[in-house]
Amino acid sequence: MHTPFDFSQGAERIVYVKAVAVADLPKDVRDSAGGHEQLYAVHDAEGGQLALVADRRLAFVLARQNDMTPVPVH
């Protein structure tokens, strides 16, 4: 959850934001989820996870601050 990602290196301009259940994540991530039941993942066009954050708004802000266009996944 705290691994840095260099958004300037080869990242596409569109990223996808989706909700993920903490219960579905690996144990080490669940342990560091701070009591949240749901987190938000930011993925590139190939499906690679770029970030995992605690709230949806933060996921969109993170993408925009890195000159990317966030798109919600339902």
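If you're wondering where the values come from, they're calculated on a predicted model, not measured in any experiment. (Residues numbered from 1 in each chain as written. Predicted model: local features only at pLDDT ≥ 70, side-chain atom pairs only at ≥ 80, totals over all residues. Heavy atoms only, no water.)

Enquirer: Explain a nonpolar patch on the surface here, please?
Expert: Among the surface-exposed residues, Ile 14, Tyr 16 and Val 73 lie close enough to one another that they form a single nonpolar patch of about 230 Å² accessible area. You can see Tyr 16 is positioned in strand β1 (residues 14-21). (Patch = residues over 30% accessible without salt bridge, like charges linked within 9 Å, V, L, I, M, F, W, Y side chains within 5 Å. Areas by Shrake-Rupley, 256 points an atom, 1.4 Å probe, with all protein chains shown as cover. Salt bridge = Lys/Arg side-chain N within 4 Å of Asp/Glu carboxyl O. Helix = DSSP H or I, 4+ residues; strand = E, 2+ residues; numbered from the N terminus.)

Enquirer: Teacher, can you tell me more about the pattern of salt bridges here?
Expert: Opposite charge on two side chains lets them pair, provided their charged atoms get close. Under the defined criterion, the tally for this structure stands at 1 salt bridge. The closest approach of N and O atoms between Lys 27 and Asp 31, which form a salt bridge, is 2.9 Å. With Lys 27 and Asp 31 both in helix α1 (residues 27-31) and 4 residues apart, the pair spans about one turn of that helix. Asp 31 matches Lys 27 in its accessibility class, with the two residues each being exposed. (Buried < 20%, exposed > 50% of the residue type's maximum accessible area, 1.4 Å probe, protein only.)

Enquirer: Would you take a moment to explain the sheet that holds strand β4 (residues 69-72) for this structure?
Expert: Backbone hydrogen bonds are what pair the strands of a sheet, in a parallel or an antiparallel way. Taken in spatial order, the 4 strands of this open sheet run β3-β2-β1-β4, and their pairing is mixed. In the strand order of this sheet, the two ends are held by β3 (49-53) and β4, each with one partner. Geometrically, the sheet is characterised by an average inter-axis angle of 30° between neighbouring strands, direction not taken into account. Where β1 meets β4, 4 bridges bridge the pair, whose relative direction is parallel. Opposite Tyr 16, over in β4, you have Val 71 as the bridge partner. (Pairing = 2+ DSSP bridges. Axes fitted to C-alpha atoms, helices over the stretch in contact; angles between N-to-C directions.)

Enquirer: Which parts of the structure should I look at to understand unusual backbone geometry?
Expert: Leave glycine aside and you will find that most residues have negative phi; peptide bonds, for their part, are mostly trans. Backbone geometry at Asp 67 places phi at a positive 55°, although glycine is not the residue there. Among the structural elements, Asp 67 can be located in the loop between α2 (56-65) and β4. The class for Asp 67 is exposed, based on a relative accessible area of 59%.

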